[in-house]
Amino acid sequence: MVPFIPMNVLGLESTCDETAAAVVVDGIHILSEEMASSASIHAAYGGVFPEMACRHHVEMFCPVLEKALEKGGVSPQDIDLIAVPQGPGLVGALLIGMQMAKGLSIAWKKPFIGVNHVEAHLVGAMLSHPSPPIFPALGLVVSGGHTLLLYIETLGVYKKIGTTLDDALGEAFDKVAVLLGFPYPGGPHVEKLAKEGSPTIPFKSGTIQGKPFDFSFSGIKTSVLYAVRENRYAKETIAASFQEAVLTDLVQKTQKALLQYPTARALYFGGGVVQNRALQQKFIDAFSLPLFFPTPSLASDNAAMIAALGFQKFRLSPTSSPLDMEVLPKFLPIG
Ligand code: KG4
Ligand code: ZN
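Described below are features of the structure shown in this document. Please read these numbers as outputs of a predicted model, since none were measured by experiment.

Analysis parameters
- Residues numbered from 1 in each chain as written.
- Chains lettered and ligands numbered in written order.
- Predicted model: local features only at pLDDT ≥ 70, side-chain atom pairs only at ≥ 80, totals over all residues.
- Heavy atoms only, no water.
- Near = heavy atom within 4 Å.
- Polar contact = N/O pair within 3.5 Å; in protein donor to acceptor, adjacent residues only side chain to side chain.
- Areas by Shrake-Rupley, 256 points an atom, 1.4 Å probe, with all protein chains shown as cover.
- Helix = DSSP H or I, 4+ residues; strand = E, 2+ residues; numbered from the N terminus.
- Salt bridge = Lys/Arg side-chain N within 4 Å of Asp/Glu carboxyl O.
- Buried < 20%, exposed > 50% of the residue type's maximum accessible area, 1.4 Å probe, protein only.
- Pairing = 2+ DSSP bridges.
- Donors = N, O, S within 2.8 Å, 3.2 Å for Na, K, Ca; no water.
- Tetrahedral: all angles 85-135°; square planar, octahedral: opposite > 155°, others 65-115°.
- Expected span 1.5 Å × (residues − 1).

Near ligand 1 there are 20 residues, and of these G144, D174, E191, G272 and D301 occur at the shortest range. Measuring from a nitrogen atom of ligand 1, one finds a side-chain N or O atom of E191 at 2.7 Å. One nitrogen or oxygen atom from the side chain of D301 is found 2.9 Å from an oxygen atom belonging to ligand 1. The fraction of the free accessible surface of ligand 1 (550 Å²) that becomes covered by protein chains is 90%. The set of elements that each furnish at least two residues to the shell around ligand 1 consists of α4 (117–128), α5 (169–179) and α6 (187–194).

Structure below.
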């Protein structure tokens, strides 16, 4: 075990539509965070427009970085490590973050480390609860790009239990929101509308023969489209019914996973969708083991979770990533 060395880690994040930088001390104490989102630019398109997201990253990275350093009262000399997502994410967006990290590493003569963005989402939940993490555990990442159920043996050692075979759940929320007349990102709008309706339409999330832990949300999206076209139901009813069906599916598959992996002693959540209060309540009602939800700012894409994971990885293997490190748009924390 490498001796514990306190360090200031600069985390960068630019996998999708958020340009962010954060300084995290010793992998746990967030000194400063700064973020500029391009979500309002994408609102008109019903989803993220990759080229626009990239232009925004190029424009915003330097001001965001400068503000994060200024807010934290630190200068480049005080930074011990730069952490950046190697993937997964939009390829152009990842490249911008990676080039930024490499450039800073050369200019500041500091090591940098490429980490996994999905793994970092789970660290977001750990960062939100200062107690030592409980392993083995189950992990559930539900974002705009991923729906992933994992067995976490310990940090860095994962087994994939299930994933989506088509749309990520956040993406399904966003598409349903467009059908109901809301702009991107639509998840919070659907949640709000669902509160005013009853889940009386028997929508069903996908089940896949022989793959009991995998998800499919494209079918239910089409069912929502037909229900909207039929013009027979109130939008509130459609939103409530959609939300009820997909959340029930998440809970039931996670319950099944726990039966398969009874050694799991906790459940860690990550990704923008887990901010959904109805999701949180459903899991709280269904599980008796400790559940760790990230705080809102650590749930959706953020740079603090990248810095915290970078710290953990560097502590185990204190070497800089190579300057020819490539980005991996489909990189998952498991093989
Ligand atoms: O983790 P995140 O910020 O970005 C990705 O890595 O994708 O997640 C963004 C996603 C969007 O699809 C957004 O609609 C969804 O999270 N989301 C929600 C809620 N808040 C954000 N979905 C459902 N209910 C919410 N309250
Ligand atoms: Zn994410």
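That covers the picture; the talk isn't over yet.
Across all of its chains, the model carries nine salt bridges by this definition. Among the ionic pairs, D249 bridges to K253, the shortest N-O distance being 2.9 Å. Residue D249 and its partner K253 are located together in helix α8 (residues 235–260), separated by four residues, close to a single helical turn. For the pair formed by D249 and K253, the shared burial category is buried. A network of salt bridges, in which partner residues are shared, links D167, E171, K175 and K221.

Buried residues dominate strand β6 (residues 137–142), accounting for six of its six residues. Burial along β6 is two-sided: A137, G139 and V141 facing one way and L138, L140 and V142 facing the other are all buried. With six bridges connecting them, β6 and strand β7 (residues 147–154) associate as antiparallel partners. Residue pairing in the sheet places A137 in a bridge with I152 of β7. If you look at the hairpin formed by β6 and β7, you'll find four residues sitting between the two strands. As judged from the four bridges shared by β6 and strand β9 (residues 267–270), these two strands associate in the parallel manner. Looking at β9, one finds that G139 is bridged to Y268.

What follows deals with the coordination of the zinc ion (ligand 2). Around the zinc ion (ligand 2), the protein supplies H117 (NE2), H121 (NE2) and D301 (OD) as donor atoms, at distances of 2.1 Å. For the zinc ion (ligand 2), the four donor atoms in the first shell make angles of 90 to 134° at the metal, a pattern classed as tetrahedral. For the zinc ion (ligand 2), the donor residues sit on a single chain with the sequence spacing H-x3-H-x179-D. One end of the pair, H121, is in helix α4; the other, D301, is in the loop between α10 (296–299) and α11 (303–316), with 180 residues separating them in the sequence.

This paragraph deals with α4. A turn of α-helix holds 3.6 residues, and therefore any two residues three or four places apart point the same way. For α4, which comprises 12 residues, the first-to-last C-alpha distance of 17 Å matches the rise-based estimate of 16 Å (1.5 Å per residue) to within 8%. Within α4, 12 of the 12 residues are buried, leaving the element largely enclosed by the surrounding structure. Looking at α4, one finds that the buried residues are H117, V118, E119, A120, H121, L122, V123, G124, A125, M126, L127 and S128. Measuring from the side-chain oxygen of the N-cap residue of α4 to the backbone nitrogen of V118 gives 2.8 Å; that N-cap residue is N116.

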